[in-house]
Amino acid sequence: MKDRTIATHAGRHPEQHFGVVNTPVFRASTILNPTVAALKGPKGVRDPRYGRRGTPTVFTLEDAVSELEGAAGAVIAPSGLNAITVALFAFLGAGDHMLMVDCVYAPARRIAGTMLKRMGVETTFFDPAIGGDIAGMIRDNTRVIYVEAPGSQTFDMQDIPAIAAAAHARGVKVLMDNTWATPLFFKPFDHGVDVSIHAATKYIVGHSDAMLGVVTSTDECLEPLRDSAGTMGVCAGPDDVYLGTRGIRTMPVRLRQHQENATTLAQWLEGRPEVARVLYPALPSDPGHAIWKRDFLGASGLFGVVLNPVSDSAVAAMLDGLELYGMGASWGGYESLILPTQPAANRSATTWRAEGPTLRIHAGLEDIDDLIADMEQGFARLRAAA
Ligand SMILES: Cc1ncc(COP(=O)(O)O)c(C=O)c1O
């Protein structure tokens, strides 16, 4: 079946729930057993056992994301950052080495530099453009290569198939943050990824009203992931899980519009005299465009803009007066956002050089003419304040 059909139907079982279209919100801690034999008997992954171990609400989301992404199964976490932790802890222990891409989401870098370091895991950061040359960085104790494409803030693409081939030749697992592309626009398991991580808080929930994480994987990696989540007691609240599943039902139509708006806005920004460059792999001018075109099925609504040199106060004048672009953490909801970013502060293996201040824009579902008009007035304020 095609993705839009899977997104509409996967994981739903109305016949088990009174004919109700959506799997209801099951609130559960205690789950009762009818007999002593049932209480003591062997339990499968999905036998009712305890609320923390999952309910039909949770299994519906697991199935929907897994089917859409082509995974063997999924683990649900209460945030994207927690999903990253579950995945890292599943495959790393004392004495191990990890290779992590230098454009990684900053809090993932923090896990490597704090908790994993204390556990005795060493991390080496690598240039996103490394490709197959990563083979030269793999050590005998390397267990994980962690990628995020495109990278946070700078949107650097990575040659995932080349990295995965080098990893697998040495028995190393490839973990990927696939939040930007969602299960719709990048199929990680077709390109050699072993474990895919989503901040479902973004496009899967899609409405800026819940925190949620998902990890999906190949069959081989599923047990370690379930063990990691189970040991740490990871579980998400039922309302948030429900909102994640509800988001998936409309994700294909939302993503198509995010892509259309982001592409139009990015192209318009490229033509502005105030803009030095736009960081969006879907643009032919982007250094990662060829890889994006080869491996990805679409582009979501998040991208970067490097301005020509201008004062911080002029940028503030531009951003403060915007009517349609909110300023705040996160992205992937239906609404447009804008933030100043500091990519250079989150690099250690490479140096990030920019002509001027950097912005991160999330193109929401508003009418594109209104989004451009608002931005045009922003540039007028920027020029006036410069
Ligand atoms: C690429 C990426 N991964 C992971 C996360 C973490 O997700 P959450 O905020 O749900 O913990 C974010 C959130 O900003 C993100 O942008």
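From a predicted model like this one, the values you see are computed outputs, not experimental measurements. (Residues numbered from 1 in each chain as written. Predicted model: local features only at pLDDT ≥ 70, side-chain atom pairs only at ≥ 80, totals over all residues. Heavy atoms only, no water.)

Engineer: Requested: an account of the sheet that holds strand β4 (residues 142-148), with residues and values cited.
Structural biologist: If you walk across this open sheet you meet the seven strands as β1-β7-β6-β5-β4-β2-β3, and the pairing is mixed. The open sheet has two free edges, formed respectively by β1 (73-77) and β3 (122-126), since each of these has just one partner strand. Geometrically, the sheet is characterised by an average inter-axis angle of 20° between neighbouring strands, direction not taken into account. The pairing of β4 with strand β5 (residues 173-177) spans five bridges and is parallel. Within β5, the position partnered with Glu 148 by the bridge is Asp 177. (Pairing = 2+ DSSP bridges. Helix = DSSP H or I, 4+ residues; strand = E, 2+ residues; numbered from the N terminus. Axes fitted to C-alpha atoms, helices over the stretch in contact; angles between N-to-C directions.)

Engineer: Got a sec to walk through the pattern of salt bridges? Specific residues and values, please.
Structural biologist: Tallied over the entire structure, the rule returns 16 salt bridges. Between Asp 63 and Arg 46 there is a salt bridge whose closest N-O contact spans 2.9 Å. Here the residue Asp 63 occupies a position in helix α3 (residues 56-69), and Arg 46 occupies one in the loop between α2 (36-40) and α3, the gap between them amounting to 17 residues. The exposure class assigned to Arg 46 is partly exposed, which follows from its relative accessible area of 35%. (Salt bridge = Lys/Arg side-chain N within 4 Å of Asp/Glu carboxyl O. Buried < 20%, exposed > 50% of the residue type's maximum accessible area, 1.4 Å probe, protein only.)

Engineer: Any chance you could break down the packing of aromatic side chains for me, citing the residues and the numbers?
Structural biologist: Across all of its chains, the model carries six aromatic pairs by this definition. Residues Tyr 203 and Trp 331 carry aromatic rings whose centres are separated by 5.6 Å and whose planes lie at 75° to one another, so their mutual orientation is edge-to-face. Of the two residues, Tyr 203 sits in the loop between β6 (195-199) and β7 (213-217) while Trp 331 sits in the loop between α11 (312-320) and β10 (337-341), which places them 128 residues apart along the sequence. Residue class for Tyr 203 comes out buried when judged on its relative accessible area of 1%. Judged by its relative accessible area of 11%, Trp 331 is buried. The interplanar angle of 50° and the centroid separation of 5.3 Å between the aromatic rings of Tyr 280 and Phe 303 together place this pair among those described as tilted. Of this pair, Tyr 280 sits in the loop between β8 (275-279) and α10 (289-295) while Phe 303 sits in strand β9 (residues 302-307); the two residues are 23 residues apart in sequence, bridging distant segments of the chain. (Phe/Tyr/Trp six-rings, centres within 6.5 Å; stacked < 30°, edge-to-face > 60°.)

Engineer: How would you summarise the site of the ligand if you had to cite specific residues and measurements?
Structural biologist: Every one of the 14 residues lining the ligand counts as a neighbour, but Gly 80, Leu 81, Asp 177, Thr 201 and Lys 202 are closest to it. In this structure, Leu 81 approaches the ligand through a main-chain N or O atom, which is 2.8 Å from an oxygen atom. Taking Tyr 105, its side chain carries an N or O atom lying 3.4 Å from an oxygen atom of the ligand. Here the ligand has 390 Å² of accessible area as a free molecule, and 89% of this is covered by the chains. Counting residues per element, the shell around the ligand draws most heavily on helix α4 (residues 80-91), at three residues. The class makeup of the residues in the shell around the ligand is six nonpolar, five polar and three charged. (Near = heavy atom within 4 Å. Polar contact = N/O pair within 3.5 Å; in protein donor to acceptor, adjacent residues only side chain to side chain. Areas by Shrake-Rupley, 256 points an atom, 1.4 Å probe, with all protein chains shown as cover. Nonpolar A, V, L, I, M, F, W, Y, C, P; charged D, E, K, R; others polar.)

Engineer: Residues and numbers for the environment of Arg 170, please.
Structural biologist: By the secondary structure assignment, Arg 170 is in the loop between α6 (160-169) and β5. Between the C-alpha atoms of Arg 170 and Arg 139, which are 31 residues apart in sequence, the distance is 8.7 Å. Within polar-contact distance, the side chain of Arg 170 engages the backbone oxygen of Ile 138 at 3.4 Å.

Engineer: Could you give an account of the packing of α11 against helix α12 (residues 368-385), with specific residues and numbers?
Structural biologist: Helix packing geometry: the angle between the two helix axes and the distance between the axes. Running from amino to carboxyl end, α11 crosses α12 at an angle of 150°, the nearest separation of the two axes being 8 Å. On the basis of the axis angle, α11 is roughly antiparallel to α12. Here α11 runs over α12; the crossing is right-handed. Facing Ala 314, Val 315, Ala 317 and Met 318 of α11, the residues of α12 in contact are Met 375, Gly 378, Phe 379, Arg 381, Leu 382 and Ala 385. (Parallel < 35°, antiparallel > 145°, perpendicular 65-115°, else oblique. Left-handed = near helix turned anticlockwise from the far one by under 90°. Contact = heavy atoms within 4.5 Å.)

Engineer: So what's going on with the sheet that holds β8? Residues and values would help.
Structural biologist: Taking strand neighbours across the sheet as the criterion, the four strands line up as β8-β9-β11-β10 in an open arrangement whose pairing is antiparallel. Pairing within the sheet leaves two strands with one partner each, and these edge strands are β8 and β10. Here the average twist between neighbouring strands, direction ignored, is 25°. The pairing of β10 with strand β11 (residues 358-362) spans five bridges and is antiparallel. Across the sheet, Pro 340 pairs through a bridge with Leu 359, a residue of β11.

Engineer: Give me the lowdown on unusual backbone geometry, citing residues and values where you can.
Structural biologist: Cis peptide bonds are those with omega within 30 degrees of zero, and the linkage from Ala 149 to Pro 150 qualifies with -10°. By secondary structure assignment, the location of Pro 150 is in the loop between β4 and α6. Backbone geometry places Ser 330, a non-glycine residue, at a positive phi of 80°. For Ser 330, the location among the structural elements is in the loop between α11 and β10.

Engineer: Tell me about the domain arrangement of the chain, and name the residues and values.
Structural biologist: Along its sequence, the chain is carved into domain 1 (3-247) and domain 2 (251-385). Averaged C-alpha coordinates put domain 1 and domain 2 at centres separated by 27 Å. Of the residues lining the interface, 41 residues belong to domain 1; the matching set on domain 2 comes to 41 residues. Taking both sides of the interface into account, the surface hidden between domain 1 and domain 2 amounts to around 3500 Å²; carbon and sulfur atoms contribute 64%. Three residues, Trp 180, Phe 185 and Tyr 203, lead the burial of domain 1 against domain 2; their summed loss comes to 24% of the area buried on that side. Summed over the shared surface of domain 1 and domain 2, the number is two salt bridges. In this structure, Arg 294 and Asp 159 form a salt bridge, with 2.7 Å as the shortest nitrogen-oxygen distance. Summed over the shared surface of domain 1 and domain 2, the result is 20 residue pairs in polar contact (both at pLDDT 80 or more). Taken together, the elements giving at least two residues each to the side of domain 1 that touches domain 2 come down to α1 (3-9), α5 (106-119), β3 and α7 (182-185). Of the residues assigned to the side of domain 1 that touches domain 2, the class counts are 22 nonpolar, 11 polar and eight charged. (Domains from an automatic or database assignment. Buried area = accessible area lost by both parts, 1.4 Å probe.)

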